[in-house]
Amino acid sequence: MEKDKQFIMKRILCFGAMFVFSGCIALAGSMLFDQNVEEQIRNTVMALAGTGIVIFAFTMGETSRLFIYRNEGKYGRFALMYLGSLAAAVFLPYLPETGWPFLVIFVLLGAFSNNITGLAAGSVCLLLSVHFAGGNFSVFWLYFVSGMAGILVFSNLNDDFKVGFPLFISLSVLMLCLTANVILFSQEQLSIFQFMIPAINLMICCILLLVSLKIFSSTVIHRNREKYMDINDPEFPLLVQLKEMSKEEYYHAVHTAYLSDRIAKRLHLDDAAAKACGYYHRIGRLKGENTWENVSAVCNEYHFPSNTKKILKEYVDEAEKVVSKETIVVLFADCIVSSILYLFEKDPKAKLDYAQIINTVFNKKLETDELWENEISLAQITEMKKIFIEEKLYYDFLR
């Protein structure tokens, strides 16, 4: 309960500061461009209204689980990104209109939140710049469309984070928009010099996107990669301790981790977290009973990634609801491994019908209320069962 209060307070403080400072930035920008009192009030009110919409979009995305790149709860990070973009929008009118790097701003705002929030936040920043630059509608049109394209093409990157094709598409759309809205309407005779500033803009956007996305990848997408490489190693000290305590528990964990990893990868889930949960779902036994208090103590001692702790809490804590797809994957993997190991203990030479065992496990689980109110779909459960059955050659290793 205390943790929930701190979480709510953090959200209120971050969004409150974001709201107040956005108004201050708009007011300061209005004064910088020598606008009258009425315009200053209008700009401040509109910036505050736009920021309110951005905050609502962010919280709605969190409630509806629409976030990309694990942005849940990252209020401070998004607030800093938004306020920095808003401050940059005040000074961009000092540059030629064809040289504004709004593609980068839209993409980063979307990457640090979700598509809707990024589009709303980028639009507020763009409107501020366009207004201070003289209110040219075509400028807004070109950066809005190119920014929207950038958000969309960079929103479906997987953990490989291959940015080549999305980068090419977004820069092509930006060049097309610059040509259609600026160069086409130029009153001067067409020459190579008219393409210089747009070309510089494309080059700057390309460099900024590559650098910022590289930083984003290492700090957000692959922030826990090295940690997962350590804890998902069968020779990790915790697993060595488990093996010394009980070889049965150790090999049970190894088999569960293998199946969890295989299923999670095929379903495009967080396979590293699922594999870690497969290894450590019984690690509390090192401290006695496998309670959440003991598992949590181990997680904190070895600094497990937050998503792994969340999955383990759902799995181990009886008071917690099973919600995430990764938890359900580990749940079925554990049950199938336990069932097969039990039957082999009774008769090591038995010829088991693995498909029948898997069907029985799934039917029993689906008859209970354990899988209610979770994120997984019936289609994914069906696909999961199919993959488990396909792994029948592996089950002989459990003998």
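Since we're looking at a predicted model, the values are computed, not measured.

Novice: Outline empty space enclosed by the protein, supporting the account with residue identities and numerical values.
Specialist: Scanning all chains against the criterion turns up two cavities of 30 Å³ or more. Reported here for the second largest cavity is a volume of approximately 30 Å³. Residue lining of the second largest cavity: Leu-242, Glu-249, His-252, Ala-253, Gly-278, Tyr-279, His-281, Arg-282 and Ile-283, and that is the complete set. Of all elements in the fold, only helix H11 (247-266) and helix H12 (271-280) reach the threshold of two or more residues within the lining of the second largest cavity. Counting residues per element, the lining of the second largest cavity draws most heavily on H11, at three residues. Counted by class, the lining of the second largest cavity contains four nonpolar, three polar and two charged residues.

Novice: Please set out the pattern of salt bridges residue by residue, giving values where relevant.
Specialist: Under the criterion given, the structure shown has nine salt bridges. A salt bridge links Arg-282 to Glu-249, with the shortest nitrogen-to-oxygen separation between them at 3.4 Å. Taken together, the residues span a long stretch of sequence, with Arg-282 in the loop between H12 and helix H13 (292-301) and Glu-249 in helix H11 at a distance of 33 residues. Its relative accessible area of 14% is what places Glu-249 among the buried residues. One salt bridge in this structure joins Lys-287 and Glu-301, with 3.9 Å as the shortest N-O distance. Residue Lys-287 is located in the loop between H12 and H13, and its partner Glu-301 is located in helix H13; the two are separated by 14 residues in the primary sequence. Residue Glu-301 is classed as partly exposed on the basis of its relative accessible area, which comes to 46%.

Novice: Residue-level account of the nonpolar core, with values.
Specialist: With 61 residues, the main nonpolar core has Tyr-280, Ile-340, Met-384, Phe-388 and Tyr-395 as its most contacted residues. Leave out the neighbours within four places in its chain, and Tyr-280 touches Ile-231, Phe-236, Leu-238, Leu-239, Phe-304 and Leu-312. Core analysis: the next-biggest nonpolar cluster, separate from the first, contains 55 residues, Val-90, Trp-100, Leu-126 and Phe-140 among them.

Novice: Could you give me a rundown of helix H6 (residues 137-153), with the residues and numbers involved?
Specialist: Between the first and last C-alpha of H6 there are 25 Å, a value that for 17 residues agrees with the 24 Å anticipated at 1.5 Å per step. Looking at H6, one finds that the buried residues are Ser-138, Val-139, Phe-140, Leu-142, Tyr-143, Phe-144, Ser-146, Gly-147, Ala-149, Gly-150 and Ile-151.

Novice: So what about helix H5 (residues 115-132)? Which residues, and what values?
Specialist: Here H5 spans 26 Å end to end across 18 residues, near enough to the 26 Å set by a 1.5 Å rise per residue. For H5, the full list of buried residues reads Thr-117, Gly-118, Ala-121, Gly-122, Ser-123, Val-124, Cys-125, Leu-126, Leu-128, Ser-129, Val-130 and Phe-132. The N-terminus of H5 is capped by Asn-114, whose side-chain oxygen sits 3.2 Å from the backbone nitrogen of Ile-116. In the stretch just after H5, Gly-134 is the one whose phi turns positive, near 120°.

Novice: Tell me about the state of the cysteines, and name the residues and values.
Specialist: Under the criterion given, the structure shown has zero disulfides. Cys-125 supplies the cysteine sulfur nearest to Cys-24, a cysteine that is in no disulfide, at a spacing of 15 Å. A relative accessible area of 42% means that Cys-24 is categorised as partly exposed. With no disulfide of its own, Cys-299 lies 8.8 Å from the sulfur of Cys-277, the closest cysteine sulfur.

Novice: Which residues make up the environment of Lys-364, and what values go with them?
Specialist: One can find Lys-364 in helix H16 (residues 354-367). Separated by 101 residues in the primary sequence, Lys-364 and Ile-263 have C-alpha atoms spaced 19 Å apart.

Novice: Give me the packing of aromatic side chains: which residues, what numbers.
Specialist: A full pass over the atoms with the stated rule returns 22 aromatic pairs. Ring geometry for Tyr-258 against Tyr-394: centres 4.1 Å apart, planes inclined by 20°, an arrangement best described as stacked. Highlighted residues: Tyr-258 in helix H11 and Tyr-394 in the segment after helix H17 (378-390), separated in sequence by 136 residues. Judged by its relative accessible area of 13%, Tyr-394 is buried. With a centroid separation of 4.1 Å and 15° between ring planes, the pair formed by Phe-332 and Phe-362 is classed as stacked. In this pair, Phe-332 is assigned in helix H15 (residues 325-346) and Phe-362 in helix H16, connecting sequence segments 30 residues apart. Judged by its relative accessible area of 0%, Phe-332 falls in the buried class. On the basis of relative accessible area, Phe-362 is assigned to the buried category, the value being 1%. Taken together, the aromatic side chains of Phe-15, Phe-58, Tyr-75, Phe-78 and Tyr-82 make up a single cluster linked through ring pairs.

Calculation notes
Residues numbered from 1 in each chain as written. Predicted model: local features only at pLDDT ≥ 70, side-chain atom pairs only at ≥ 80, totals over all residues. Heavy atoms only, no water. 1 Å grid on protein atoms, 1.4 Å probe; cavity = no way out; pocket = protein on both sides within 12 Å on 5 of 7 lines; lining within 4 Å. Points joined across faces, edges and corners; volume = space filled by probe spheres on them. Helix = DSSP H or I, 4+ residues; strand = E, 2+ residues; numbered from the N terminus. Nonpolar A, V, L, I, M, F, W, Y, C, P; charged D, E, K, R; others polar. Salt bridge = Lys/Arg side-chain N within 4 Å of Asp/Glu carboxyl O. Buried < 20%, exposed > 50% of the residue type's maximum accessible area, 1.4 Å probe, protein only. Core = buried A, V, L, I, M, F, W, Y, C linked by side-chain atoms within 4.5 Å. Contact = heavy atoms within 4.5 Å. Expected span 1.5 Å × (residues − 1). Polar contact = N/O pair within 3.5 Å; in protein donor to acceptor, adjacent residues only side chain to side chain. Disulfide = S-S within 2.5 Å. Phe/Tyr/Trp six-rings, centres within 6.5 Å; stacked < 30°, edge-to-face > 60°.

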